[in-house]
Amino acid sequence: QVQLVESGGGSVQSGGSLTLSCVVSGYTGRPACMDWFRQAPGKERERVASITATGRSSYAESVKGRFTISQDSAKNTLYLQMNSLKPEDTAMYYCAASNGIQYSSDYIGCVGVKHWGQGTQVTVSS
């Protein structure tokens, strides 16, 4: 079975940095597209960043310029580098692997059936 395991969450002060990792196993080949999502209590789930198997990426406006999504195919690992963190970034962060891609002029969308990780908590204090 496909399994995704996130790590790297923790507590940081405003302006700090944190890097999340997501190790993928059980896939034949590589996922076509991978996402980072986040969800805070009482708020809707939000897609924060996406990347295709060939390295094309896109970001939510709320994190653009502060977060960077990347991957190491040899290690089957997805990363999210988060800089200039703000209290509003506090959330549970999840990674997901999808089997399809949808393109627009400025947006990369991971589509199809998603496999989800269990999440890692990020807390940013003022």
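Residues numbered from 1 in each chain as written. Predicted model: local features only at pLDDT ≥ 70, side-chain atom pairs only at ≥ 80, totals over all residues. Heavy atoms only, no water.

What about the nonpolar core?
In step 1: Counting 27 residues, the largest nonpolar core has W36, L80, M82 and Y93 as its most contacted members.
In step 2: Those elements that provide at least two residues to this core are β3 (18-25), β4 (33-39), β5 (46-52), β7 (67-72), β8 (77-82), β9 (91-103) and β11 (120-125).
In step 3: Contacts of M82, omitting those with residues within four sequence positions, involve G16, S17, L18, L20, R66, F67, Y93 and V122. (Core = buried A, V, L, I, M, F, W, Y, C linked by side-chain atoms within 4.5 Å. Buried < 20%, exposed > 50% of the residue type's maximum accessible area, 1.4 Å probe, protein only. Helix = DSSP H or I, 4+ residues; strand = E, 2+ residues; numbered from the N terminus. Contact = heavy atoms within 4.5 Å.)

A look at the pattern of salt bridges
In step 1: In this structure the tally under the stated criterion is 5 salt bridges.
In step 2: For the salt bridge of R38 with D89, the shortest nitrogen-to-oxygen distance reads 2.9 Å. Separated by 51 residues along the polypeptide, R38 in strand β4 and D89 in the loop between β8 and β9 bring together distant segments of the chain.
In step 3: D89 gets classed as buried once you look at its relative accessible area, which sits at 0%.
In step 4: A salt bridge links E61 to K64; its shortest N-O distance comes to 2.7 Å.
In step 5: E61 sits in the exposed class, given a relative accessible area of 63%.
In step 6: Taking relative accessible area as the criterion, K64 reaches 45% and is therefore assigned partly exposed. (Salt bridge = Lys/Arg side-chain N within 4 Å of Asp/Glu carboxyl O.)

Digging into the sheet that holds β8
In step 1: A sheet is described by the order of its strands in space; here 4 strands give the open sequence β1-β3-β8-β7, paired in antiparallel fashion. Unpaired on one side and paired on the other, β1 (3-7) and β7 mark the two borders of the sheet. Taking the axes of each pair of neighbouring strands and ignoring which way they run, one obtains an average angle of 15° across the sheet.
In step 2: Here 6 bridges tie β3 to β8, and the two strands are oriented antiparallel to one another. From the neighbouring strand, C22 faces β8, where its bridge partner is L78. (Pairing = 2+ DSSP bridges. Axes fitted to C-alpha atoms, helices over the stretch in contact; angles between N-to-C directions.)

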